[in-house]
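Below are the chains, spelled out letter by letter.
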Amino acid sequence: MIWRKNIVALFLAAGLALSCPSPAGAQQNGDQKLIWASRSDANAPGIEAAGVDTASNVDAVYHDKETKTIDLFFRAWDGNRQFWDFDEKNLVVKEVVGEDTLDLPVVFQGRVSDTTLFGAGEVFQVKTQSERDYHREKRTYLLTWRSPDPNQKEMLADISVQKNWSLLTPFSLTRQLSFWDLLVLALFILAAALLVLSELFPWINIYQFKKKYVVPYAQVKKEGERKLNPITGRALEPNEMVVHLCDRAMCDVPFRIWKNRNYRCWHCPEHCDGDAHVWTGEFFSQKGGAQKLNWLWFGAAGGALAWLINVGLERALAGSAAENQEYEYALLGFSMGLAYAFMLSWVEEIGQGRSLSVGRILLRTLMGATMGALLFYVSSLIGDANWLGAITWLVFCVLLGLVISFNSSINWKRGALSGLIAGLVSGVVYYLIPLLFPEASVVKIITLIVAGGILGQGMIQVVKRLDKIELQVVSPSYRSGIVFALDNFLLAGKNILIGKDMKTCDVRVKWEDPYVLAKHAELRLANNQVYIKPLGEAELWINEDRLQNGKSMLIKGGEIIRLGRNSDTVFKYLQKS
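Residues numbered from 1 in each chain as written. Predicted model: local features only at pLDDT ≥ 70, side-chain atom pairs only at ≥ 80, totals over all residues. Heavy atoms only, no water.

> Run through the sheet that holds strand β20 (residues 521–526), naming residues and quoting values.
Here we have five strands laid out as an open sheet, ordered β19-β18-β20-β21-β24, and mixed in their pairing. Two strands in the sheet have a free side with no partner beyond their single neighbour: β19 (507–508) and β24 (553–555). Across three bridges, the pairing between strand β18 (residues 496–499) and β20 is antiparallel. Residue pairing for β20: I498 is matched across the bridge by A521. (Pairing = 2+ DSSP bridges. Helix = DSSP H or I, 4+ residues; strand = E, 2+ residues; numbered from the N terminus.)

> I'd like a rundown of the side chain of S567, residues and numbers included.
Along the polypeptide, S567 turns up in the loop between β25 (560–562) and β26 (570–575). At a separation of 3.1 Å, a polar atom in the side chain of S567 contacts the main-chain carbonyl oxygen of L563. At a separation of 3.0 Å, a polar atom in the side chain of S567 contacts the main-chain amide nitrogen of T569. Each residue touching S567, except ones within four places of it in the same chain, is listed here: D513, Y515, V516 and R562. (Polar contact = N/O pair within 3.5 Å; in protein donor to acceptor, adjacent residues only side chain to side chain. Contact = heavy atoms within 4.5 Å.)

> Talk me through unusual backbone geometry; I want residue IDs and the actual numbers.
The residue after S475, namely P476, is reached through a cis peptide bond having omega 10°. Turning to its location among the elements, P476 is positioned in the loop between β16 (469–475) and β17 (483–485). A positive phi angle, close to 50°, is found at N543, a residue other than glycine. Considering the arrangement of structural elements, one finds N543 in the loop between β22 (541–542) and β23 (545–546).

> Outline the packing of helix α3 (residues 179–213) against helix α6 (residues 290–316), supporting the account with residue identities and numerical values.
Axes are the key here: two packed helices are described by the angle between their axes and the distance separating the axes. Where α3 contacts α6, the two axes come as close as 10 Å, and the packing angle between them is 170°. Classified by the angle between their axes, α3 and α6 sit roughly antiparallel to one another. Contacts from F179, L182, L183, L190, A193, L194, L197 and F201 in α3 reach L293, L296, W297, A300, A301, A304, W307, L308, V311 and R315 in α6. Its residues placed into classes, the contact of α3 with α6 shows 17 nonpolar, no polar and one charged. (Axes fitted to C-alpha atoms, helices over the stretch in contact; angles between N-to-C directions. Parallel < 35°, antiparallel > 145°, perpendicular 65-115°, else oblique. Nonpolar A, V, L, I, M, F, W, Y, C, P; charged D, E, K, R; others polar.)

> Account for the sheet that holds strand β14 (residues 241–243), naming residues and giving values.
Ordered in space as β13-β14-β15, the three strands form an open sheet in which the pairing is antiparallel. Pairing within the sheet leaves two strands with one partner each, and these edge strands are β13 (214–216) and β15 (253–254). Direction of pairing for β13 relative to β14: antiparallel, over a ladder of three bridges. Across the sheet, residue P216 finds its bridge partner in β14, namely M241. Against the sheet, α3 contacts β13 and β14, and its axis sits at roughly 45° relative to β13.

> Before we move on, can you summarise α6 with the specific residues and values?
Between its first and last C-alpha, α6 extends 38 Å over 27 residues, near the 39 Å set by a 1.5 Å rise per residue. Buried residues dominate α6, accounting for 19 of its 27 residues. (Expected span 1.5 Å × (residues − 1). Buried < 20%, exposed > 50% of the residue type's maximum accessible area, 1.4 Å probe, protein only.)

> Any details on the environment of L245? Residues and values, ideally.
With respect to the element layout, L245 can be found in the loop between β14 and β15. Separated by 31 residues in the primary sequence, L245 and V214 have C-alpha atoms spaced 8.7 Å apart.

> Could you give an account of a nonpolar patch on the surface, with specific residues and numbers?
On the surface, a nonpolar cluster with roughly 450 Å² of combined accessible area is contributed by L417, L420, I421, L424, V425 and L466. In terms of residues, the nonpolar patch owes the most to one element, helix α10 (residues 412–436), which gives five residues. (Patch = residues over 30% accessible without salt bridge, like charges linked within 9 Å, V, L, I, M, F, W, Y side chains within 5 Å. Areas by Shrake-Rupley, 256 points an atom, 1.4 Å probe, with all protein chains shown as cover. Salt bridge = Lys/Arg side-chain N within 4 Å of Asp/Glu carboxyl O.)

Any functional reading would require information that these geometric values do not contain.
Quick look at the structure:
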């Protein structure tokens, strides 16, 4: 089956969460940390927020995914009363998420003696554990100390710490899938999506086509009519299923013949549009509805590739730049920009009329990677508010649309608009996914893959709705249904060349046809109207009439363009009002 042959090993990766930076803490070994704000009375013994004194280089909360613990570090002063040497019953640690409060067990407490790491002074540590997945919810840590003196019942210190966790690195301290588990999950998601898109959707299209156009011959037979099967020459039986698209005398061809001709009309394929959205298993052909589904799948594969690149960079830079929060966000933006731009540029290239250009793909990929890294790095320096995260993601999607439209068949305004719409939709999905998949490691995969699919589908949907000038291949039959968008080139003042020349032609005849010249015909836009003319000695036929060499003709939509009387290359000009 075709879907099995087209799974590209490079993109069998897993998803990474789509969220924007939350830069209030620092990073160490890829784990989130918090900075405390003290609520102690300055004139009484109590706790000082670690990290308030920047010279101390002390972090308040450190989530250790290897030991599955949460380490709380703080600096304390007690006026030489030594009340910090207490039993664990004197300490209560709670974690609050919304209305839900969880008592955390204390597995270790004591002084930290490593002055080289934390600086001079007394630093204390409390080690606890939590069984929750860490997503983007606001979490409050409540730590309460009571005097070890049974006669002294007052509370000596009470600290509340709040943090909005982002989905940048969701994780669990109790359970996590391994890298290979995630890779297998990504493989399954992409393969299942490819199977559904390449097999189920064509079946649905064919079913809809049959329901709309295929009827028993007796239902459309005219009185006294005797129609023959164009293949066998036998008279059609009353119960034989035929395709009825129009009232022309040559219509009502047996459905079996349509299937054999790739759902093209037997007599007048240039006039019948019944096949415009029908394709059978040729998923990467860019024909009809397959083109939009291509964008969806390539976008999803881009999300998987982004995760793979990000994991590789984090491992390669372990112990250096990857431990710095701002650089970690830059790596995330770099990975997403690179992967999305590469995959969406690839699918755009294989769907346009020019020869596929590796140079254009690599240039847009470099632009996307640079844009993503700079945008996420700057955002990490600004703040960690939810509104900032939402804006950062929307800006990323809009800029990605502009990158994909650079030197492509997509107009830049439509690229930006499609990025904005896709960003809004994927942003909503980003907040819903944790409700369906609570485990953090699964959320990483699902979020990025789904958001990538939305980006791809959103871009092509908006672009195709707004495109007004297109050429659709009518013949040869194995290329029929492919549509070339011409808006962006014509609106930019560029004349469209049709022919075989792979370097200069914007609509290149990529199949064998001895009657097509290197530069055969030209389309140009003048006063918001499109004109066509043959080039040199080329023969050009418009609606069964030959266009005189050197002469231009106004075309308004629906014209059939044949590149020579005996040429097998036929286009249909499409122009929306």
